[in-house]
Structure formats: structure tokens, C-alpha cells
Amino acid sequence: MSPRASTLTRWVPRLIITLALVHFVWAFAQPNAWAAIAGDGFVRALVDLEPGDYFAREASVWFLTAGVALLALGTLSRHVIATTGRLPAQLGWYLVGIGVPLCVLYFPVTGGWPILAIGVLALLAAREPVRAGESAEV
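Residues numbered from 1 in each chain as written. Predicted model: local features only at pLDDT ≥ 70, side-chain atom pairs only at ≥ 80, totals over all residues. Heavy atoms only, no water.

Engineer: Honestly, the overall build of the chain in this entry has me stumped. Any pointers?
Structural biologist: When helices and strands are tallied, the chain shows five helices and zero strands. Listing the helices and strands of the chain from first to last along the sequence gives α-α-α-α-α. Taken over 138 residues, the chain has a buried fraction of 34%. A separation threshold of at least 6 residues defines the contact pool for the chain, and within that pool the share at least 24 residues apart is 75%. Of the roughly 8100 Å² of accessible surface on the chain, 71% is carried by carbon and sulfur atoms. (Helix = DSSP H or I, 4+ residues; strand = E, 2+ residues; numbered from the N terminus. Buried < 20%, exposed > 50% of the residue type's maximum accessible area, 1.4 Å probe, protein only. Contact = heavy atoms within 4.5 Å. Areas by Shrake-Rupley, 256 points an atom, 1.4 Å probe, with all protein chains shown as cover.)

Engineer: Quick question: what am I supposed to make of the packing of helix 4 (residues 89–105) against helix 5 (residues 112–127) here?
Structural biologist: Helix-helix packing: each pair is described by the crossing angle between the helix axes and the interaxial distance. The interhelical angle for the contact between helix 4 and helix 5, taken along N-to-C directions, is 155°, at an axis separation of 7 Å. In terms of orientation, helix 4 lies roughly antiparallel with respect to helix 5. Note on packing geometry: the crossing formed by helix 4 with helix 5 is left-handed. Listed contacts from helix 5 to A89, L91, G92, W93, L95, V96, I98, G99, V100, L102 and C103 of helix 4 are G112, W113, I115, L116, I118, G119, V120, A122, L123 and A126. Residues belonging to the contact of helix 4 with helix 5 are distributed by class as follows: 17 nonpolar, four polar and no charged. (Axes fitted to C-alpha atoms, helices over the stretch in contact; angles between N-to-C directions. Parallel < 35°, antiparallel > 145°, perpendicular 65-115°, else oblique. Left-handed = near helix turned anticlockwise from the far one by under 90°. Nonpolar A, V, L, I, M, F, W, Y, C, P; charged D, E, K, R; others polar.)

Engineer: Looking at this structure, how should I read the packing of aromatic side chains?
Structural biologist: Each pair of aromatic rings is reported with the distance of its centres and the angle of its planes. Applying the stated criterion across every chain yields a total of one aromatic pair. Ring centres of F107 and W113 lie 6.2 Å apart, and the angle between their planes is 70°; on these two criteria the pair is classed as edge-to-face. (Phe/Tyr/Trp six-rings, centres within 6.5 Å; stacked < 30°, edge-to-face > 60°.)

Engineer: Quick question: what am I supposed to make of the confidence of the model for the chain here?
Structural biologist: Fine structural detail should not be taken from predicted coordinates in areas where pLDDT scores are low. Looking at the chain as a whole, its pLDDT mean stands at 83, while 84% of the residues score no less than 70. No element of the chain has a lower mean pLDDT than helix 2 (residues 34–39), which averages 74, and none a higher one than helix 5, which averages 94. (pLDDT = per-residue confidence, 0-100.)

Engineer: Any chance you could explain the environment of W93 here in plain terms?
Structural biologist: Position of W93 relative to the elements: it lies in helix 4. Classification of W93 as exposed rests on a relative accessible area of 54%. Here the alpha-carbon distance between W93 and G119, two residues 26 residues apart in the chain, equals 6.5 Å.

Engineer: Help me understand helix 3 (residues 54–84), please; the structure alone is not making it clear to me.
Structural biologist: For the α-helix, the turn length of 3.6 residues means that residues three or four positions removed from each other point alike. Counted at 1.5 Å a residue, the expected span for helix 3 with its 31 residues is 45 Å, and the 44 Å between its end C-alpha atoms agrees. Of all the positions in helix 3, only Y54, R57, S60, G67, L70, G74, S77 and I81 are classed as buried. Packed against the buried residues of helix 3 are helix 1 (7–29), helix 2 and helix 4. (Expected span 1.5 Å × (residues − 1).)

Engineer: So what exactly am I meant to see when it comes to the nonpolar core here?
Structural biologist: Across soluble globular proteins, nonpolar side chains have a tendency to be buried as a group. By size, the foremost hydrophobic cluster in this structure holds 14 residues, and its most contacted members are V12, I16, L70, L87, L91, L95 and I118. For this core, the elements supplying multiple residues, two or more each, are helix 1, helix 3, helix 4 and helix 5. (Core = buried A, V, L, I, M, F, W, Y, C linked by side-chain atoms within 4.5 Å.)

Engineer: Even after reading the chapter, I still don't get the packing of helix 1 against helix 3, so can you show me in this structure?
Structural biologist: Interaxial distance between helix 1 and helix 3 falls to 8 Å at its minimum, and their mutual angle equals 160°. Of the possible angle classes, the one that applies to helix 1 and helix 3 is roughly antiparallel. You can see that helix 1 and helix 3 cross each other, and the crossing is left-handed. Within the contact of helix 1 with helix 3, the residues separate by chemical class into 17 nonpolar, seven polar and one charged.

Below is the structure:
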């Protein structure tokens, strides 16, 4: 018999994966420097602090990298839920640990708020008991 997961538990990975997709889109939709990075041949394209577009280059890469990291957290949490029926609290703490500094440093306009909110939801989901009547499908 497969483990059972609560509705909140099933939604947390979906929210993380959605946020990862938003990061992927934003990495290319924001004023970015992908053309300059490609023009430099990708290798060592961010080591020189002198170009006027350095911060656009850095933001482009970090949004893409954050998307990959969020996608990893989301898909790994789906796997854990499918296997155990539970969400580990450490996932929530990781997200809170990412979200709080972003919210404090960039207050009030930051993308850290969704990460912080999902982290709190993950902590709440981790406290929920596994329900016998619900599917573990995530």
C-alpha cells in the first residue's frame, strides 16, 4: 500500500516547482545579458567586474541557477512524499532560510516573499499526520 499525504503536503512541491518555472522565465524576460554572455563564449563571462552590464549578467545567471535549485527541491520533495507520505521539516527550514535574508535585505520589494511563504507552508505540512484516506499522488 502506498503512503498517504495531506492536501497541503501535496501542494508544497507543486508551489516550489511553479516558483522554479517563474525563475526560468524571469531569467530570460527581465532585462538580461544573455546575448553578451553568449557573445563572450560563456566561459569566464562573469569574472570581469568592469563591463557596464555586469549586474545584468549576474542577475541572469542567478535567476537561472535559483530556478534549477528550486526545481531540485520541488522534485526531490515530490519523491520523498511519494515514498514516505510526509514532507520533511528541513525543506521548510531551507526555504525559510533562503526567504528571510531576501526579505530583510531587499525589503519590501523582493521575490523572497513567495519562498518564505512556501517555507512556512512546508513547515505546517511537515507537522500534519499522514492521512489514511488520501492518495499519495503528487
